[in-house]
2 protein chains.
Amino acid sequence: MRRGFERSKADFGADRAATLASVAAAAGVSRQTVSNIFNAPHKVQLATRRRVEAEIARQGYRPNRSARSLRIQRSGLVGYCVKPPSPAGDPIMDRFVHSLCQAAERDAYHVLLFAATPDGPMAAYEHLVAQQAVDGFVISDTTVDDARQEWFQRRGVPFAAFGRRWSGPEIGAWIDIDGAAGVAAAVHHLAELGHRRLAFIGWPEGSGVGDDRCRGFREAAVERGLAVAGIAHTVNHYDDGRRAAAELLAQADPPTAVVCVSDELAVGCDTAIRDRDLVPGRDVAVTGFDDTSSAALPTVSLTSVRQPLQEVGDHVVRLLVDALRDPGADPEHVLLVPELVVRHSTDHPDRTVP
Amino acid sequence: MRRGFERSKADFGADRAATLASVAAAAGVSRQTVSNIFNAPHKVQLATRRRVEAEIARQGYRPNRSARSLRIQRSGLVGYCVKPPSPAGDPIMDRFVHSLCQAAERDAYHVLLFAATPDGPMAAYEHLVAQQAVDGFVISDTTVDDARQEWFQRRGVPFAAFGRRWSGPEIGAWIDIDGAAGVAAAVHHLAELGHRRLAFIGWPEGSGVGDDRCRGFREAAVERGLAVAGIAHTVNHYDDGRRAAAELLAQADPPTAVVCVSDELAVGCDTAIRDRDLVPGRDVAVTGFDDTSSAALPTVSLTSVRQPLQEVGDHVVRLLVDALRDPGADPEHVLLVPELVVRHSTDHPDRTVP
DNA sequence: CTGTTAGCGCTTTCAT
DNA sequence: ATGAAAGCGCTAACAG
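Now for a quick tour of the structure. (Residues numbered from 1 in each chain as written. Chains lettered and ligands numbered in written order. Predicted model: local features only at pLDDT ≥ 70, side-chain atom pairs only at ≥ 80, totals over all residues. Heavy atoms only, no water.)

1. Side note on the protein's contact with DNA strand D
Inference 1: Around DNA strand D lies a shell of 25 residues, among which A:Leu20, A:Arg31, A:Gln32, A:Tyr61 and B:Arg71 are the nearest.
Inference 2: Sugar and phosphate atoms constitute 59% of the interface atoms of DNA strand D, taking the interface as everything within 4 Å of the protein.
Inference 3: A distance of 3.4 Å is found between a base nitrogen of DNA strand D and a backbone nitrogen or oxygen belonging to A:Ala67.
Inference 4: Between DNA strand D and B:Thr48 there is a distance of 3.4 Å, counted from a phosphate oxygen to a side-chain nitrogen or oxygen.
Inference 5: Breaking the surface near DNA strand D down by element, the ones donating at least two residues are helix 3 (31-39) and helix 5 (65-72) of chain A together with helix 3 (31-39) and helix 5 (65-72) of chain B.
Inference 6: The residue makeup of the surface near DNA strand D, split by class, is 8 nonpolar, 11 polar and 6 charged. (Near = heavy atom within 4 Å. Polar contact = N/O pair within 3.5 Å; in protein donor to acceptor, adjacent residues only side chain to side chain. Helix = DSSP H or I, 4+ residues; strand = E, 2+ residues; numbered from the N terminus. Nonpolar A, V, L, I, M, F, W, Y, C, P; charged D, E, K, R; others polar.)

Written out as structure tokens, the structure reads:
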């Protein structure tokens, strides 16, 4: 029977992991001095410090995390709950999670990832809090009737949200993308291209994010004095976007540009335009939201609103660290303006002013 | 100045978190008995057990994780390194990560997520090992010259891989998707539809995953006695797929079906077919790999190979847990056959036998 | 600036 | 079946 590891965990146990004591003994100083090297370097004389540091490097010593956490009563972990994958895939999850990790590590934190359990939405959070497994949470995808913020507040659990509160009183710190501003940027862009008659395809009403983006459309249209040729509300599926767009385009006085609440719906709209033997961007303009990989496909080439997720990660960690440091401080709220990525769906090479 | 939390962390400190001692005192038993409830329930009389359990529930007590980890010398954490997001987005990352979390939690583990640091590929791994922050690692995206497995072995660090070893001796347990079988399934499907002349668009040679899928194509073509009208190798971009497909289709005796190593390239191929005023699936068939959201778009409707990522998560956690339990055991290797999702790109409604 | 002491909350012998 | 005692590795308070 072949061994899986030349040097298994059991063998490894022979030369035990380095500890404060092993480093101290080898360097001929007290354990406290070694500890100080990490936690209060200025308290150690340069000569001894050098010597101890050499020994630390030689043994590859790092303070044991459990022991340290137990002593200082902090885990150094940030909890984040991943939502179940949707069939359509999540266009921003991978970027957000990576930026979250990076930002956390800059502040000497790590991310503890967990999935929701079947027994209630807060069960997994509760479990981690009771175990004192994490110092706080980052949450995302906040909804209109989100119960999490209030739950955290009631228990004094520090957190920071990617996504604002859509109802009720403000609780805790959040950072969010200004969806209304993103959609407004699309409207302004279209207005500058000469479009005077616009339509909007949004999600069903009541969804926080969706309503916000819809408001951005309405307000920008008013501000620019543009005609609104219709506002549709539909679930976030390609087919529904295609159907909604077909109806809008079949009107007596159809829009020359359609602003969509998501790339998924915008790609449906793109198809509806082609269904009428029109060319997206040349005959009818379209915009989406999220700058997904589908939008970037040259066959689609969709103008879309891109969320600055790197910055979101940086901010959300900062907000949490602030809450951890000073639980009594005023929670901060940050609204980031996203960026419009212009492609052929609004700016076709053969386009003439509508 | 408004307070962020009605009951801040500081206030919260007043009624400290429940401990073994607090539960024991309230229930009128020793700390040991409370501990036994969790770790050796059979050793406790039913009557006292009920009483203590009631008190545990009342106080919402859970054993402190740091203390427990320190005592038993295990963190209950599995490390997983997220790779930086690519511009194209990762089509399978969200599904894999979620299944990883779920599977880990079934075995009372949690996932510690971290990002690679600038200072060397193993620096982040090393840091976590030295701190004893995790009990082992799950790795994915194994490459031909992957140095991680050997590194883990040398240090006796338990791990399990999603992705086989592409070179060198076997080290550790892995689970992988049988890409060759997936591509072969596509070839067999095409053969059954009557196609006799196929081409393949793959990645540059030397990439483990890509070569494996290419081999699946060659072998299945031989097995079925099909003609090979060309094998292209290109980087994984839409435009390159389109260009490669254009060349293959411009030949004197072009293929009637093109098998692609990825959805990204397959969508490029789809465009190249349309560029020649042909209809994908009716005139020339195309297949991709990964069943991404782009493939599922009805405008594309791409037949594609879908990886069973839920099962991959289950297996990879099982393999790691096995390695943790018995470091000396033979590492297991699992190869999962993926499933072909048939759509219009191979089975167009108006299709006639080629 | 260095060394000693105590204890974070838990599990694991060992007695009873 | 239950209770007492020891100690995992660390940091903070204090004494020298």
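2. Quick word on the sheet that holds strand 1 (residues 77-82) of chain B
Inference 1: Here we have 12 strands laid out as an open sheet, ordered 11(A)-5(A)-4(A)-3(A)-1(A)-2(A)-2(B)-1(B)-3(B)-4(B)-5(B)-11(B), and mixed in their pairing. Because the sheet does not close on itself, it has two edges, and the strands there are strand 11 (333-336) of chain A together with strand 11 (333-336) of chain B. Taking each pair of neighbouring strands and ignoring which way they run, the sheet shows an average axis angle of 20°.
Inference 2: As paired strands, strand 1 (residues 77-82) of chain A and strand 2 (residues 110-115) of chain A are joined by 6 bridges and run parallel to one another. (Pairing = 2+ DSSP bridges. Axes fitted to C-alpha atoms, helices over the stretch in contact; angles between N-to-C directions.)

3. Considerations on the packing of aromatic side chains
Residue and element names in this part refer to chain A.
Inference 1: This model, assessed by the stated rule, comprises 22 aromatic pairs over all chains.
Inference 2: Their ring planes at 75° and their centres at 5.7 Å tell us that Phe-38 and Tyr-61 sit as a pair that is edge-to-face. Pair noted here: Phe-38 is in helix 3 and Tyr-61 is in the loop between helix 4 (46-59) and helix 5, with a separation of 23 residues, a long-range link.
Inference 3: The class of Phe-38 is partly exposed, set by a relative accessible area of 34%.
Inference 4: Tyr-61 gets classed as buried once you look at its relative accessible area, which sits at 6%.
Inference 5: Pairing Tyr-125 with Phe-137 gives two aromatic rings, centres 4.9 Å apart and planes at 70°, and the pair type is edge-to-face. (Phe/Tyr/Trp six-rings, centres within 6.5 Å; stacked < 30°, edge-to-face > 60°. Buried < 20%, exposed > 50% of the residue type's maximum accessible area, 1.4 Å probe, protein only.)

4. Comments concerning the protein's contact with DNA strand C
Inference 1: Contacts to DNA strand C come from 26 residues, most closely from A:Arg71, B:Leu20, B:Arg31, B:Gln32 and B:Tyr61.
Inference 2: In the interface set of DNA strand C, defined as its atoms within 4 Å of the protein, sugar plus phosphate atoms amount to 63%.
Inference 3: B:Leu20 is positioned such that a nitrogen or oxygen atom in its backbone is 2.6 Å from a phosphate oxygen of DNA strand C.
Inference 4: With respect to DNA strand C, the side chain of B:Arg71 contributes an N or O atom lying 2.7 Å from a base oxygen.
Inference 5: Looking at the surface near DNA strand C, the elements with two or more residues in it are helix 3 and helix 5 of chain A together with helix 3 and helix 5 of chain B.
Inference 6: Of the residues in the surface near DNA strand C, the class split is 8 nonpolar, 12 polar and 6 charged.

5. Observations concerning the interface of chain B and chain A
Inference 1: Facing the 72 residues of chain B at the interface are 72 residues of chain A.
Inference 2: In total, about 6,500 Å² of surface goes out of reach between chain B and chain A, with carbon and sulfur atoms giving 60% of it.
Inference 3: Inspection of the region where chain B meets chain A yields 0 salt bridges.
Inference 4: Our count for the chain B to chain A interface comes out at 11 residue pairs in polar contact (both at pLDDT 80 or more).
Inference 5: With 8 residues, the top contributor of residues to the side of chain B that touches chain A is helix 6 (residues 93-106) of chain B.
Inference 6: For the side of chain B that touches chain A, the per-class residue count stands at 33 nonpolar, 22 polar and 17 charged.
Inference 7: Both strand 2 of chain A and strand 2 (residues 110-115) of chain B contribute to a ladder of 3 bridges, which runs antiparallel. Across the sheet, residue A:Leu113 finds its bridge partner in strand 2 of chain B, namely B:Val111. (Contact = heavy atoms within 4.5 Å. Buried area = accessible area lost by both parts, 1.4 Å probe. Salt bridge = Lys/Arg side-chain N within 4 Å of Asp/Glu carboxyl O.)

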